[in-house]
Every structure is written in C-alpha cells, then in structure tokens.
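# Architecture at a glance
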Amino acid sequence: MKIVMKFGGTSVGDGKKIRHVAQLLKRYHEGNQIVVVTSALGGVTDRLLENARLASTKGKVSLVKEFKTELTNKHHEAIRDAIDNPNVAKEVLQIIDLRIDELEKALIGICYLGELTSRSIDYISSYGERLAAPIVSGAVRSLGIPSIEYTGGEAGILTTSDYGNARPLERTYELVSKRLTCRLDSHILVVTGFIGENEDGIVTTLGRSGSDFSASILGAALKADEIWLWKEVSGIMTTDPRIVPEAKTIPQISYAEAMELSYFGANVLHPRTIEPAMREHIPVRVKNTFDPEFSGTLVVAEKFQCKHVVKAVSLIKNVALINISGAEMAGTIGTVARVFTALARAGVNIVMISQGSSESNLSFVVSEPHVEPALKALHSEFNREIVKEITSDRNVCVVAVVGAGMAGTPGVAKRVFGALGNSMINIIMISQGSSQYNISFVVREDDAYAAVKTLHDEFQLYNGNGIEKKL
Ligand SMILES: Nc1ncnc2c1ncn2[C@@H]1O[C@H](COP(=O)(O)OP(=O)(O)O)[C@@H](O)[C@H]1O
Ligand SMILES: N[C@@H](CC(=O)OP(=O)(O)O)C(=O)O
C-alpha cells in the first residue's frame, strides 16, 4: 500500500517519542511505500511565534540569543534520544545548527526593523517543522531504513501567497507526484507539514494545525491508498475528551461529517484536511500514536448510515457574536448584501449567521481576531444609516451537534433544545444548514462545557452498544 502518514506535534513531542515514531515506521515500511509528514516538536510553533512578536516589539538581541539556546537544547536533546547511529546523529546535528543560525539571523533582522509582516511570521514559524523533519528522517535512517527529508516547497507544495492561510495551487498535485514518486520505492520520505512555498519560492504556511492538510495534499497528489493521521487521541471522538472524559471513538464517519466537525471546532482535524482526500476518494484514518493497535476512526466517501443520528458534539471557543439592528432594515433590499460585502472586504470570516424573519436584525459569529475589523467595516459602511445599532459580545461559544443521520430525522432539534432547557442552559442564537448535518447554537461561555456534556449524555454516543442509537 502507498500510505501518507502524518505525525502531530504531540506525537513528535520529544526525542523519545520520535524514536517510537521511527519504530512504528519500521514496522509499516515492510511491503508499503510510506511518506511521512511531520509537525514541529510540541510547543515549538507557539514559541517561535511568541519570540517573533517579542523581537518586533522589544527589539532585544539578548532575548533572541536566549531563545536560540532554548531551541538548540531542545533539538539537541531530541537528537540524543531519537538517534543511536553516531554518524547519522552528527549529520543531523549539523543541519539543525545551520537552520537555527538562519533563524537567529531572521529574528535579529526583525529586532532591528521593529516590524513583523505576515510573510516574516510564516518564515519564522516554518522553522518548527524544518527542525523536526531532519530528526525524524535521521531516526528512521538510524534504524537502517533509507530516508530523505524535504520541506513542503521542495516536495512540490506550491501555494497562493495568502501568508498564514495559504492554499495549494492546482500545479501542486502534478509537481509533488513528479518529485516524490521516483524515490518512494527505496526510501521513507519525510516532508515538513504546515508549510509550502509560493511561485517566487517564498515560504508560506497553511494555517495553524496545517500539517493534517499537508498530508492530505500529498496523499491526493501521490494517489495514495490511504492517509493516516497519527494523534495523541484514539481517533475522532464523540466530543473533545478533554471536555467529556467518557467520549468514545467514532469507528467510521463520512467525509461530509468529518468536515462539519472540523469546521465546528473539533480541532482533531484541520478544517481543510478532507478536501484533497475527497477529490481522490482516499480513505483517511485517524489513529493514536501511543496505541497503534487500536483501529481509530476511518473517514470514507459514502455516508455510513449507522443508527446514530448525532455522531458528535463540538465546541468553538474564542468567537464573538455581532448583532446589527435597525427598524429600516426590514424590507430594505440589499442590506444583507452590503453587510457581507463590507465584511468580505475587511477579510472577516463568518462562522455562523442567523436572521430573524422580522428582518430588523441580523446576528453572526466571527472568530476573536476578526471582531475589531468587522465592527470597523460595519460602522464605516452604514454610518448609522439603515443599521442603527451594532453590538458585539465576546463571552460566547458555539456548540454544534453533527451527524449525517440528522437529515430527514424529525425530533432531533426537540431533543437538543429540550435537554439544554432541562439543564437550564440559555441559547442565544441558533443556526441549521440545509444540509441538515449539523445544528449549531451560541451559548454563554460559562455554559459551554455544560452544554457539551448535556448533549453528549442525551445522545449517549456509542455508549456500550457499539453503534446503536438511543431514542
Ligand atoms: N471530537 C474530537 N475527537 C478527538 N479529539 C478532539 C475532538 N475535539 C477536540 N479534540 C482535541 O484534538 C486534539 C487532537 O490531538 P493532537 O494529537 O493534539 O493532534 P495534532 O497534534 O495532530 O494537532 C486532542 O488533544 C483533543 O483534545
Ligand atoms: N506546527 C504547526 C502545524 C501543525 O499541524 O501542528 P499540529 O499537528 O501539532 O497541530 C502548528 O502548531 O500549528
């Protein structure tokens, strides 16, 4: 089989975990062609971003030097723990030191300039993966398996120049296949997740947690038999196990359901992961790095109509509700178009929308960083004409229940809102897409965890009965 395997930041958190990953790869190498996509060592991307900001605001070269020591120690320790072969360890050390020197120069440049562009943020944050890939590849070579490491750009991931949220260009699919196929039989190829490059060869990133997306792009380009996403959790679960410890693994889920879940905050998958896999009908498995025998979740094309109408409950935090109102909005054709055009011009992404049939108010949810640009855009568009009041509320969360079986099944909304009512949870706004794959609603931040727990209990997802429905 040809398999693209992605290991997340927790899976390659340190040298001991990388050693474990290399051993897993050795096991699957026999009889398979394997491309590995690696994330940065756990926490490194956050530290890179923090230090890039510090460099631009404080301009202190001494802080850059301290950070350089921290990164060097972390990666040297990882090499010691992951790689036994001294020659391989020496080669990898040299690559790491060279890359950390490059990074230091870039951070010092930011100190002097006092400016941090989105292009430099992508360049700096790409170093997490650029430091991880040589160690993962070295750990594999240390076990006697030939391996080569590539950056996303070297592998052929060509993207738009939307720094921080770049998308693959169509040419990527052909280029990746051309560059990687010839080595697949003989080597385990290790590619940096999260990063690509634009047509001018400038580093871009695919958005936070983008390594899942990288794996799917590579899988589609190489027409892989399967894409495996290795995580610290046992697959896609009925809800975030950090919120509800009783959460269960969903054995099988459709592409559409997995997409709904990832869009609605289940950060087990980057929201765009499924698109490339779906275009080539490649099954995606989500597996636990630390429990490899467990089958995890299989994401497949057909809507697997198990008896569960609701498959999972998810939560989006760090959002705000914006409400606009004005009596003149009712019947004034074009108001909604003006609202959304102004927001689009300001680069605001809308998570959820609801308009009452009175037409005199419109509510929508945006992610936290988009609140200020959204308010500014709306005030300048309307200037108190037609829209009289614009308010925002940051103390809210979005909860969504997801499942393909909800389409055409009466009574789901009644159960959702009945259970929340019984738990005295107030609902601020409701939205249901016509796909009927999800019902989402806004609650106060203080009620969010209770809402997720209440719904998880109500539908008793996968509770003891395999995939039986509780009605
Ligand atoms: N429905 C869900 N199923 C599984 N994990 C979820 C879900 N919702 C949120 N999560 C969170 O997503 C994380 C995914 O695992 P992680 O190993 O961190 O992935 P990666 O390193 O690839 O980003 C877990 O920590 C888990 O708490
Ligand atoms: N390292 C990047 C990309 C990534 O995908 O990481 P993870 O697989 O750990 O979510 C990030 O932290 O966003």
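Now for a quick tour of the structure. Within any chain, residue numbers begin from 1 and follow the written order of that chain's sequence. Chains carry letters from A onward and ligands carry numbers from 1 onward, assigned in written order. Thresholds applied to this predicted model are a pLDDT of at least 70 for local features of residues and 80 or more for the giving and counting of side-chain atom pairs; totals over whole chains, interfaces and linings are not thresholded and use all residues. Side-chain measures were taken over the full set of non-hydrogen atoms in the model, leaving aside hydrogen atoms and water.

### What about the overall build of the chain?
Helix and strand assignments follow DSSP, with helices taken as H or I runs no shorter than four residues and strands as E runs no shorter than two, numbered in order from the N terminus. Secondary structure summary: the chain contains 15 helices and 16 strands in total. The atom set for the radius of gyration is the C-alpha atoms, and the globule formula is 2.2 Å times the number of residues raised to the power 0.38. By the compact-globule yardstick of 23 Å for 471 residues, the chain fits well, its C-alpha radius of gyration being 24 Å. Once the C-alpha set of the chain is aligned to its principal axes, its extents read approximately 75 × 60 × 40 Å. Out of the 471 residues belonging to the chain, those deemed buried represent 53%. For the chain, long-range pairs separated by at least 24 residues make up 77% of all intrachain contacts whose partners lie at least 6 apart in sequence. Only protein chains enter the calculation, and the probe is 1.4 Å; a residue is then buried if its accessible area is under 20% of its type maximum, exposed if over 50%, and partly exposed in between. Contact between two residues is taken to exist if any of their heavy atoms lie within 4.5 Å; hydrogens are not considered.

### A short note on helix 1 (residues 15–29)
In this analysis, the expected span of each helix is defined as 1.5 Å times one less than the number of residues it contains. Helix length check: helix 1, at 15 residues, gives a terminal C-alpha distance of 20 Å against a target of 21 Å (1.5 Å per residue), a fit within 8%. For helix 1, the full list of buried residues reads Gly15, Ile18, Val21, Ala22, Leu24, Leu25 and Tyr28. The arc enclosing the buried residues of helix 1, seen along the axis, measures out at 170 degrees, which places them on a common side. Where helix 1 begins, the capping side chain belongs to Asp14, and its oxygen is found 3.1 Å from the backbone nitrogen of Lys16. Two residues or fewer past helix 1, Gly31 is found with a positive phi of approximately 80 degrees. Taken from the helix axis, the directions to the C-beta atoms give the arc we talk about. Under the rule applied, a polar contact is a pair of N or O atoms within 3.5 Å (in protein, one hydrogen donor and one hydrogen acceptor; residues adjacent in sequence only if both atoms are side-chain atoms).

### Considerations on the pattern of salt bridges
Salt-bridge detection follows one rule: a side-chain nitrogen of Lys or Arg within 4 Å of a carboxyl oxygen of Asp or Glu. Applying the stated criterion across every chain yields a total of 27 salt bridges. Close ionic contact of Glu170 with Arg279 constitutes a salt bridge, the shortest N to O distance being 2.8 Å. You can see Glu170 sitting in the loop between helix 7 (152–155) and helix 8 (171–184) and its partner Arg279 sitting in helix 11 (residues 274–279), a full 109 residues away along the chain. The class for Arg279 is partly exposed, based on a relative accessible area of 39%. In this structure, Arg285 and Glu226 form a salt bridge, with 2.7 Å as the shortest nitrogen-oxygen distance. With Arg285 in strand 9 (residues 284–288) and Glu226 in strand 7 (residues 226–231), the pair connects residues that are 59 residues apart, well separated along the chain.

### Quick word on the packing of helix 3 (residues 61–82) against helix 6 (residues 127–142)
Taken N-terminus to C-terminus, the directions of helix 3 and helix 6 make an angle of 10 degrees; their axes are 10 Å apart at the nearest point. Comparing their axes, helix 6 and helix 3 come out roughly parallel. The handedness of the crossing between helix 3 and helix 6 is right-handed. Contact residues: Leu71, His75, Ala78, Ile79 and Ala82 in helix 3; Leu131, Ile135 and Ala139 in helix 6. Tallied by class, the residues present in the contact of helix 3 with helix 6 amount to seven nonpolar, one polar and no charged. To define axes, lines are fitted to C-alpha atoms, for helices over the stretch in contact only, and angles between the resulting N-to-C directions are given on a 0 to 180 degree scale. By the definition adopted for this analysis, an angle is roughly parallel if under 35 degrees, roughly antiparallel if over 145, roughly perpendicular if from 65 to 115, and oblique otherwise. Take the far helix as your reference; a near helix turned counterclockwise from it by less than a right angle gives a left-handed crossing, and one turned clockwise gives a right-handed crossing. For this classification, the nonpolar set comprises Ala, Val, Leu, Ile, Met, Phe, Trp, Tyr, Cys and Pro, the charged set comprises Asp, Glu, Lys and Arg, and every other residue, Gly included, is treated as polar.

### Quick word on the environment of Arg384
The residue Arg384 is located in the loop between helix 13 (371–382) and strand 14 (389–402) in this model. Residue class for Arg384 comes out exposed when judged on its relative accessible area of 56%.

### A closer look at the nonpolar core
What is meant by a nonpolar core is a set of buried Ala, Val, Leu, Ile, Met, Phe, Trp, Tyr and Cys residues, joined one to another through side-chain atoms within 4.5 Å. Of all hydrophobic cores here, the largest spans 53 residues; its most connected members are Leu180, Leu218 and Ile236. Ranked by residues supplied to this core, first place goes to helix 9 (residues 211–221) with six residues. The domain boundaries here were taken from an automatic or database domain assignment. Shared between two domains, this core holds at least three residues of each, these being domain 1 (2–232) and domain 2 (312–459). Discounting residues that sit within four places of it in the chain, Ile236 has contacts with Lys248, Thr249, Ile250, Ile253, Ala258, Leu261, Val268, Leu269, Val286, Thr297 and Val299. Judged by nonpolar contacts, the second largest core, of 50 residues, contains Phe67, Ala82, Ala89 and Cys111.

### Remarks on helix 13
With 12 residues, helix 13 extends 17 Å from end C-alpha to end C-alpha; this agrees with the ideal 16 Å at 1.5 Å per step. Of the surrounding elements, those touching the buried residues of helix 13 are strand 11 (312–325), helix 12 (335–345), strand 13 (361–367) and strand 14. Among the residues trailing helix 13, Asn383 stands out with phi positive, at a value near 45 degrees.

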